[in-house]
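A structural walkthrough
This is what each chain is made of:
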Amino acid sequence: MQIQTQVQLKPFNTLNLEAIAAYYSRIQSTDDLIAALEFAEQQQLNVLILSGGSNMLLPEQIDALVLHMDIQGIEMLEGNEQHQCLRVGGGQVWHDFVLWTTEQKLYGLQNLALIPGLVGASPVQNIGAYGVEVGEFIHAVEVYDRKLKKFDSIPASDCHFSYRHSIFKDDPTRYVITHVTFKLLKQANLKLNYGDLKAAVGDNLTAENLQQQVIRIRQSKLPDPKEFPNVGSFFKNPIVNQQVFDQIAVHFPNLPHYPQANDQVKMAAGWLIDQAGWKGKQLGPVGMFHKQALVLVNYGHASLTDVRQTYGAVQQAVWDKFKIMLEPEPVLFDCKGLIRSHQDK
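Residues numbered from 1 in each chain as written. Predicted model: local features only at pLDDT ≥ 70, side-chain atom pairs only at ≥ 80, totals over all residues. Heavy atoms only, no water.

An unreviewed UniProt entry annotates the protein as UDP-N-acetylenolpyruvoylglucosamine reductase of Acinetobacter variabilis. For the protein, the Sequence similarities (unreviewed entry) comment in UniProt is given as "Belongs to the MurB family." If you open the UniProt record of the protein and go to Subcellular location (unreviewed entry), you find "Cytoplasm". (UniProt positions renumbered as here; feature names shortened; annotations may be inferred.)

With that out of the way, let us pick up the nonpolar core. If you look at the biggest cluster of nonpolar residues, it comprises 41 residues, and the most contacted ones within it are Trp94, Phe97, Leu109, Leu112, Phe168, Phe182 and Leu197. Ranked by residue count, the leading element in this core is strand 12 (residues 175-185), at six residues. (Core = buried A, V, L, I, M, F, W, Y, C linked by side-chain atoms within 4.5 Å. Buried < 20%, exposed > 50% of the residue type's maximum accessible area, 1.4 Å probe, protein only. Helix = DSSP H or I, 4+ residues; strand = E, 2+ residues; numbered from the N terminus.)

It is worth spelling out the sheet that holds strand 21 (residues 339-340) at this point. The three strands are arranged 4-20-21 in an open sheet whose pairing can be described as mixed. A single partner strand is all that each edge strand has here, and the edge strands are strand 4 (56-57) and strand 21. Pairing of strand 4 with strand 20 (residues 331-333), which is carried by two bridges, proceeds in the parallel orientation. From the neighbouring strand, Met56 faces strand 20, where its bridge partner is Val331. Lying on the sheet, helix 8 (residues 304-322) is in contact with strand 4, strand 20 and strand 21; it crosses strand 20 at an angle near 140°. (Pairing = 2+ DSSP bridges. Contact = heavy atoms within 4.5 Å. Axes fitted to C-alpha atoms, helices over the stretch in contact; angles between N-to-C directions.)

With that settled, the discussion passes to the pattern of salt bridges. Under the definition given, this model contains 11 salt bridges. Between Lys191 and Glu136 there is a salt bridge, and its shortest N-O distance comes to 3.4 Å. With Lys191 in the loop between strand 12 and helix 4 (195-201) and Glu136 in the loop between strand 9 (132-133) and strand 10 (138-145), this residue pair connects regions lying 55 residues apart in the sequence. Classification of Lys191 by relative accessible area gives partly exposed; the value is 25%. Its salt-bridge partner being Arg174, residue Asp145 comes within 2.9 Å of it at the nearest N-O pair. Linking Asp145 in strand 10 with Arg174 in the loop between helix 3 (167-170) and strand 12, this pair joins segments that are 29 residues apart in sequence. (Salt bridge = Lys/Arg side-chain N within 4 Å of Asp/Glu carboxyl O.)

Within the structure shown, the criterion is met by 16 aromatic pairs. Summarising the aromatic geometry, the rings of Phe12 and Tyr24 are spaced 5.8 Å apart at their centres and angled 10° between planes, so their arrangement reads as stacked. Remark: Tyr24 occurs in strand 2 (residues 20-27) and Phe12 occurs in the loop between strand 1 (4-8) and strand 2; sequence separation between them is 12 residues. Phe12 gets classed as partly exposed once you look at its relative accessible area, which sits at 23%. Three or more aromatic residues joined by ring pairs form one cluster here, namely Trp94, Phe97 and Phe182. For the cation-ring pair, Lys281 lies above Trp278, with the distance from its terminal atom to the ring centre recorded as 4.6 Å. (Phe/Tyr/Trp six-rings, centres within 6.5 Å; stacked < 30°, edge-to-face > 60°. Lys NZ or Arg CZ within 6 Å of the ring centre and 35° of its normal.)

This paragraph deals with helix 5 (residues 207-221). Taking 1.5 Å per residue as the helical rise, helix 5 with its 15 residues ought to reach 21 Å, and the 21 Å between its terminal C-alpha atoms agrees with that figure. If you follow the buried residues of helix 5, they end up packed against helix 2 (94-103), strand 8 (128-129) and helix 4. (Expected span 1.5 Å × (residues − 1).)

So, about the domain arrangement of the protein. As assigned here, the protein comprises domain 1 (3-69), domain 2 (74-189) and domain 3 (230-332). Taking the mean C-alpha position of each, domain 2 and domain 3 sit 27 Å from one another. Contacts between the two partners involve four residues from domain 2, matched on the other side by five residues from domain 3. The junction of domain 2 with domain 3 conceals about 490 Å² of combined surface from both sides, 46% of it contributed by carbon and sulfur atoms. Our count for the contact surface shared by domain 2 and domain 3 stands at one salt bridge. Between Glu329 and Arg164 there is a salt bridge; the shortest N-O distance is 3.5 Å. There are two residue pairs in polar contact (both at pLDDT 80 or more) connecting domain 2 and domain 3. (Domains from an automatic or database assignment. Buried area = accessible area lost by both parts, 1.4 Å probe. Polar contact = N/O pair within 3.5 Å; in protein donor to acceptor, adjacent residues only side chain to side chain.)

Next comes the structure, spelled out in C-alpha cells:
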C-alpha cells in the first residue's frame, strides 16, 4: 500500500473535472484497505471512496484520503440447476463483467450492459436500466464496516435495495465495499419492459441479442465519456403518486410514464428536460446532450461550480413547467471529502 500526495483525479472521474486529492492510494487487496484506513485515522483524515468515478461530482481540492478501489477477481461459488453464485472483486469493470457473464451462459445482467463504473459501486445506488435493477441479482455485499472495524457480508435482504437506493447511500461513510456476490440464472429470462428495447430485440429472443441491442441503443443515445465527459443519466426519473401524475397528464398527455407499485408512477426525466427546452442547450462549458437530454456533458474545462449552475438551471426550468423537482443521481462531495446535499449552496 502506497500513499501519494497531491494527485490529480481528472483521469479518474468520467465528468473530467479537475480535482486534486491531498492524499491518494490505490487499493488492490483487503490488506491495502486496512493499512490505508489506519493511515487516515492516524492523520485524522476523512476518507473518500473512488470507484469508477462515473457517479460523482468532485471539487477542485480534496483535503482527504482518496481510496481508489481496484480489487480484482471473479470466483465461482456454489450453484444448482437454476442458479450460479459468483464472488466478484469491487474493482472489476462493470460492463466487462456483464459481457463475461453472458459468455459464461449466466443471465440476468444483460439489460445493464454498458453502464459505466465498477462492480463495487453497483449496489450503492442499485444501478438499473430497461426494467432491471442490479439488486435483483445480488446475493450479498462484502464490506469493511468502519464503525465496527471488521469485515462483514451483508445479505441482499438487508441492503434495502429500492430505486437508485440502498443502505450504502443512507450511511455512506460506514461501509467500504470490497466484493459483491451475485446469484445469476442459468436459463435466460428476458426482460423486455421497454418498447424500444422490445422492438429492437424482435423475434431473436436470446440473451446475447438482448445484450447486443441494449449496447446498440445506449451507444446511439449516450455519449462516450472519453469524447463527451459525462456521468451517464444525471437525474433520477421522478416517481409520483397517481393523482399527481393525472394532474400533469391532463396538460401533457404524451408524457412517457411507467406504472409502479403502490399507486405510484415513474416519469421520464429526459422527456421533462427536453420539453423544458434544455435538450442540446449549454450554459457556459456545461450542457445537456443533444441526443439525450438526461445526460449532462462537460464540453470544456468546466469546474464543479459550472456543473452546479447548469443542473440547477435545468431543475428550475422543469419545476417552472411541470412543478416537478428533479433529483440528481451523482454524489456531490465537498473539499473535505464529505458528501453534501445538492440543495446546499
